[in-house]
Structure formats: C-alpha cells, structure tokens
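Spelled out from the first residue to the last, the chains are:
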Amino acid sequence: MTTFDSVSPEEMVVAPPVADVDSQFYWDGLRARRLLVQRCAECERHRFPPMPACPSCAAPGGEAVELEPRGTIYSWIVVHQAFAPAFRGEVPYVIAVVELAEGCRLLTRLEHQEPIEAGQTVVGHYHDHGSWTELRFGVEA
Amino acid sequence: MTPRAAQAAIAGVGYTPFTRRSGRSVLDQALEACRNAVADAGIETAQVDGIASFMLMHDSVPAVAVATGLALPGLRYGLDVQLGGQAPCYLVGEAATAINAGHADHVLVFRALNGRSGPRVGTMPFAGAGGQYRYPIGYDAYLMYVAMWARRFLLETAQGEADLAAVASTQRHWAAQNERALKRDPLSVAEHLAAPFVVEPFRADDCTVEVDGACAVLVTSLERARDLRHPPAVVAASAYRAGPRPGLDIGDHLLWSDYTRNYTSLLRDELFHRAELGPSDVQLAEIYDCFTSTVLMGLEGLGLCERGTAGAFVRAGSTSPAGSLPVNTHGGLLAEGYLHGMNTVTEAVLQVQGRGGTRQVANHDVCVATSGALMDGSALVLTTDR
C-alpha cells in the first residue's frame, strides 16, 4: 500500500514490469528496440496485451510479429497528482491509449505537448530504464 | 400475462457509521452492519441461512467469518466473490435466485472495509496479467482508468467538464439531506471547475470519497417479506454483463473497443425485459458513481437519456431533488462515501420502501440501481409491492 504519510527509499524507485511466460517476448522485444505483438494465425488480428489465445476468435497461440511503433491517439489523461511516490517528480505526465494502424491498442506514456488531440499521429521511441525498456510515444517531429 | 415466478425482496438494510478511520476491524464492522440489517428486517439472527459478499485483494472478510461472528447455526448459501464495484447488484440478484430456487430463505449481502485507513482500492495494485503494462509507467490508480474512458466519452458525445461538474454539484444537494454523507457542503459548478485537476479530466470532486465502514441488505422471499416490519423492496430484475474482451484483470481495459459505452448499455434490454418494464417507467435511479462520468454514461447506457444528452439533463436539474428523475439520492459514492456501491443499493431500498426521510422522493415505485463503472457490472430493478 502506498500512502503519502510514509515513503520508503524503495518506493521512490519505479518497480520494473513483472514479465510472465506469456509476455516475456514483448519485453525482450522492447529491450532489442523492436515492438512485437501477437498475431492470430486463424483470424490474423493483432492483439495486445500478450495472452495465450486470441480474444477475438479463441484460437490458441499466436505468432509474435514486429510492428512499426506508429499510431493515433484514442484517448489520454494528464496526471497532475501522482499516486505512487516514484512518479511525484514526473507530474504533470500524460498517459495515452494509442491505436496502431494494425488495429491493436497500446498503453503508453506520451511526451507532454500541447495541444493533445484524439486522432493525432504519434510515434514511439525506446526509453531505457535500468533493467527494462519502455516504448514511449510522442508527436512526430 | 403469465403469473410471475417466485420473487424475492429486500426486507431490511443495515449500516455502520462511515468514518475516515474506524479504529475497528473489518469483521467488527461487517457484523454490526449485518446485525442492523437483520434487526431492521425484523427477523431473528438465527434465521439467516445465507451470506454473500465481495472483496478486492483480501480487503474484507469471508462469509464464514460473518456466519461465525453472528453465531449462526449454519449456512445453506455462502458466496465470496473477487470483485469490486461490479458486485452489489449482482450479489443481490444471486441471493434472489438462490431464494427463489429454495436454496436459502434469508440471505445477507454485505460490503465491509477499512477503505480509507486500510488498503485503498483506488491505488492498490491489482493481481493479474495486465498490471505489468500499467504500473511501471505510472498508470496506477483506478481513477486513471475511468478518466481515460471519460475523456473519450466526453469527446465523442460532445459533452464536457461542466457536465461532470453538474453531477457533483447536484449530488451535493442530495447529500445535504443525508447525515451519513461525508461531503455535505454545497458545491457550485463554478467552484467545482475552479479546483485543480487531479487526473485530467477529473478534479477532486469528480471522485468518490474513501471511507471505512460497512453496509448490508437482508434478502428474502417476497412472500416472507410481506409479513416483516417494512414494505418489501421487490427484486423485479437483476442482470450482470461483461462485453467482449473485458480484459485480463479489473484494470485492463485495452481490449475494450468503445470507451464511450460501458456495461450498462449491454445489460439494459435484458434487465428491463426481465422486469417487464422499460426505461420510461423508471422513477428514480441510483447509479454507481465512483467518478462523475459514470453517472452520465449510466444514464445514457440505461436508456434514461438519449446518447449525448445526460449532461444537459443533469444541468437542467432533472436529477436533483426537484427534478423529474432523482438520481443518487444519498449524494452518491461521490458524497456519501465509497462503500463500493453497496450503499447505492441500500439507498435504493430505503427509497423504494419510502424510508428516505427528508430526502424521500415522491414517486418511488420503480427504481433502477447499478454496480460498476467500465467493462462489466450489474444492475437491479427494485419496485414497490405492486
């Protein structure tokens, strides 16, 4: 539990993602600066987040394919008050749902800019943390 | 018309005080709310033969703990579900089904938690596969997920922050008549909009107020309820619905295609069909409101307002004490406190029973209540014994 009353040094550090057997390829991909998502062998839909079966047609499995980190903003929020202590120094920060051309959506930090609009084209870049790599989006330069 | 099948009803409600620091165990509060519901209904505690409740990440106590603390001779029906605000209407519906099937006679449905001084659901990390994509980037509070939907909803339906503010402001009018409510001061739309954002598009008063406490209802057959202390609140219909691809955990909304429509739009037809009523028959609504946007989405989803018109409806005063469709007559979770929507159901019961005191609405024969905010949730139609 996080409160504003007492903060341990550990809480001031962003905890890295806890990968699982279904998602390891995704995080390994980001580390190698590649965006890998699953594509269903049956219905050919792309999907995110990683999971062991297609949420559209139920076919098990799915092959990891590389996509260009480029999409449009579906929705976004601006966090003015951080909840986890590790993010207090980051406010205000933006989180967006980005829709890729292939149809699947990603959840990402968005470089702060004005204005932000639904439908805006954004591109991803890789942002290294100690033990993991984040794919962060921003408006095309 | 064919005769109705067996029907269940809610006979009583029970509360503890709602506080910011109870200094009490969750079990202690659960037992108090349950004892109060039993006494309110006017049955003997030993007649309780069913208990249903819900918790998130072990923030409450199981049914057997309450059965133990009530010194019940036994349980014929016990149900613990791992759900949040989606659960209250669902569990009342499940209790009614069990009663109609003869599996139990008197079922307590409760929610108890130290939601302010103990584990706070809004910011607790949820178990499940979706968290790894959220928490490392600071997408780590339930209000953020609802805010993400609210943004898109407001954009697509051409509504705005003033519509959210109108919800908060209107519900304060109701809360002024509710001694249990934690936020009872008047709040104008201008005051609301002058406050800073917490997570844009939400300000502090767009958000529920976390509390410690418990509340409960006692469900029994309509036939038995007719002989008890208060007029029955008839469970005319219940429905639960999750749409396609509801996600990997309670905070994972990435696969949901349309952030402008939640479960209310999906369960509407089934709910009203079961009740043999329509949206136009509804006289008051208790709509789950962890955040202001879910009231607008619920009004539209249930067909109580046309799409894109809920904000104007609220701004016109239609949901206020003087309005044509009273909504969230206790002040809602926004003002009364965040008992995860169990208190939304207890308020619906009080109103249908005609026990709303100074906030009692004039027409209370048909009430709709909802539970939940996003991909899945549930609803009830409660009626007087007509």
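This text gives an overview of the structure that appears in the document. (Residues numbered from 1 in each chain as written. Chains lettered and ligands numbered in written order. Predicted model: local features only at pLDDT ≥ 70, side-chain atom pairs only at ≥ 80, totals over all residues. Heavy atoms only, no water.)

**Here we look at the overall build of chain A**
Along chain A, the regular secondary structure elements total 1 helix and 8 strands. Each helix (α) and strand (β) of chain A, taken in turn from the N terminus, gives the series α-β-β-β-β-β-β-β-β. The dimensions of chain A, computed from C-alpha atoms along their principal axes, are 50 × 35 × 25 Å. When the accessible surface of chain A is totalled, it reaches about 6,900 Å², and 50% of it is carbon and sulfur. Each charge class in chain A can be summarised by its mean position, and for the 11 positive and 20 negative side chains these summaries are 2 Å apart. (Helix = DSSP H or I, 4+ residues; strand = E, 2+ residues; numbered from the N terminus. Areas by Shrake-Rupley, 256 points an atom, 1.4 Å probe, with all protein chains shown as cover. Lys, Arg positive; Asp, Glu negative; His and termini not counted. Charge placed at Lys NZ, Arg CZ, Asp CG, Glu CD.)

**So, the sheet that holds strand E11 (residues 376-383) of chain B**
Residues and elements named next belong to chain B. As summarised here, the arrangement of the 9 strands in space is E3-E2-E4-E7-E1-E8-E11-E10-E9, forming an open sheet in which the pairing is mixed. Among the strands making up the open sheet, the edge pair consists of strand E3 (77-81) and strand E9 (284-286). On average, each strand axis in the sheet is inclined to that of its neighbour by 25°, with strand direction left out of account. In this sheet, E11 lies alongside strand E10 (residues 366-371) in antiparallel orientation, the contact comprising 6 bridges. (Pairing = 2+ DSSP bridges. Axes fitted to C-alpha atoms, helices over the stretch in contact; angles between N-to-C directions.)

**Here we look at unusual backbone geometry**
Phi is mostly negative for residues that are not glycine, and the peptide bonds are mostly trans. A cis amide bond links Val 91 of chain A with the next residue in sequence, Pro 92 of chain A, at an omega value of -10°. Note that the residue after Glu 200 of chain B, namely Pro 201 of chain B, is joined by a cis bond; omega there is 15°. Checked against the element boundaries, Pro 201 of chain B lands in the loop between strand E5 (197-200) and strand E6 (202-203). Backbone geometry at Ala 158 of chain B places phi at a positive 55°, although glycine is not the residue there.

**So, the pattern of salt bridges**
All names here are of chain B. Taken as a whole and judged by the stated rule, the model has 29 salt bridges over all chains. Note that Asp 249 is salt-bridged to Arg 134, the shortest N-O span being 3.0 Å. Of this pair, Asp 249 sits in the loop between strand E8 (233-242) and helix H9 (263-275) while Arg 134 is found in helix H4 (residues 131-134), placing the two residues 115 residues apart along the sequence. By the burial criterion, Asp 249 is buried, and Arg 134 matches it. (Salt bridge = Lys/Arg side-chain N within 4 Å of Asp/Glu carboxyl O. Buried < 20%, exposed > 50% of the residue type's maximum accessible area, 1.4 Å probe, protein only.)

**With respect to the interface of chain A and chain B**
Taken together, the contact between chain A and chain B spans 40 residues of the former and 37 residues of the latter. When chain A packs against chain B, the two sides together hide about 3,200 Å² of surface, and 66% of this comes from carbon and sulfur. Sorting the residues of chain A by area buried against chain B places Tyr 74, Phe 83 and Leu 107 of chain A first, and these three jointly supply 21% of that buried surface. Here chain A and chain B share 0 salt bridges between them. Taken together, chain A and chain B are joined by 15 residue pairs in polar contact (both at pLDDT 80 or more). Sorting the residues of the side of chain A that touches chain B by element identifies helix H1 (24-31), strand E4 (70-79), strand E5 (93-100) and strand E6 (105-110) of chain A as the ones contributing at least two each. Per-element tally for the side of chain A that touches chain B: the top contributor is E4 of chain A, with 6 residues. Of the residues assigned to the side of chain A that touches chain B, the class counts are 30 nonpolar, 6 polar and 4 charged. (Contact = heavy atoms within 4.5 Å. Buried area = accessible area lost by both parts, 1.4 Å probe. Polar contact = N/O pair within 3.5 Å; in protein donor to acceptor, adjacent residues only side chain to side chain. Nonpolar A, V, L, I, M, F, W, Y, C, P; charged D, E, K, R; others polar.)

**As for the side chain of Ser 238 of chain B**
Structurally, the position occupied by Ser 238 of chain B is in strand E8. Setting aside its immediate chain neighbours within four residues, Ser 238 of chain B contacts Cys 89, Gly 93, Leu 271, Arg 274, Ala 379 and Leu 380 of chain B.

**Some remarks on the nonpolar core**
Residue and element names in this part refer to chain B. Ranked by internal contacts, the top residues of the largest apolar core, which has 102 residues, are Met 144 and Leu 299. It is helix H5 (residues 142-156) that provides the largest number of residues to this core, a total of 11 residues. Those residues in contact with Leu 299 that lie beyond four places of it in its chain are Ile 287, Leu 304, Cys 305, Ala 310, Phe 313, Val 314, Thr 319, Leu 325 and Val 327. (Core = buried A, V, L, I, M, F, W, Y, C linked by side-chain atoms within 4.5 Å.)

**As for H1 of chain A**
Along H1 of chain A, the residues that are buried comprise Tyr 26, Trp 27, Gly 29 and Leu 30 of chain A. One side of H1 of chain A carries all its buried residues, which in axial view fall inside an arc of 155°. Of the surrounding secondary structure, the elements contacted by the buried residues of H1 of chain A are strand E1 (35-39), strand E7 (121-128) and strand E8 (133-139) of chain A together with H4 of chain B. Phi for Arg 33 of chain A, located one or two positions after H1 of chain A, is positive at around 60°. (Arc of directions from axis to C-beta.)

**Focus: the pairing of E8 of chain B**
Residues and elements named next belong to chain B. The buried fraction of E8 is high, at 7 of 10 residues. Of the pairings in the sheet, the one linking strand E1 (residues 8-15) to E8 comprises 2 bridges and is antiparallel in character. Bridge pairing in E8 places Ile 10 opposite Ala 233. Across 8 bridges, the pairing between E8 and E11 is antiparallel.

**Examining the packing of H9 of chain B against helix H10 (residues 293-301) of chain B**
Residues and elements named next belong to chain B. Running from amino to carboxyl end, H9 crosses H10 at an angle of 30°, the nearest separation of the two axes being 8 Å. As the angle between them shows, H9 and H10 are arranged roughly parallel. In this structure, H9 meets H10 at a crossing whose hand is right-handed. Residues Thr 264, Ser 265 and Arg 268 of H9 form the contact with H10, whose own contacting residues are Met 297, Gly 298, Glu 300 and Gly 301. Class assignment for the residues of the contact of H9 with H10 results in 1 nonpolar, 4 polar and 2 charged. (Parallel < 35°, antiparallel > 145°, perpendicular 65-115°, else oblique. Left-handed = near helix turned anticlockwise from the far one by under 90°.)

**Things to note about the sheet that holds E1 of chain A**
Hydrogen bonds along the backbone pair up the strands of a sheet, which may run parallel or antiparallel. Residue and element names in this part refer to chain A. With respect to topology, 3 strands assemble into an open sheet ordered E2-E1-E3, the strand pairing being antiparallel. Where the open sheet ends on each side, the last strands, each with one partner, are strand E2 (46-47) and strand E3 (63-67). Bridge count for E1 against E3 is 5 bridges, and the pairing is antiparallel. Within E3, the position partnered with Val 37 by the bridge is Val 65. Along the sheet, H1 makes contact with E1 and E3, crossing E1 at roughly 150°.

**Thoughts on the pairing of E4 of chain A**
Among the 10 residues that make up E4 of chain A, 8 are buried, leaving the element largely enclosed by the rest of the structure. Across 8 bridges, the pairing between E4 of chain A and E5 of chain A is antiparallel. Paired with Trp 76 of chain A across the two strands is Ala 96 of chain A, which belongs to E5 of chain A. Two elements, E4 of chain A and E5 of chain B, share 2 bridges in a ladder whose sense is antiparallel.

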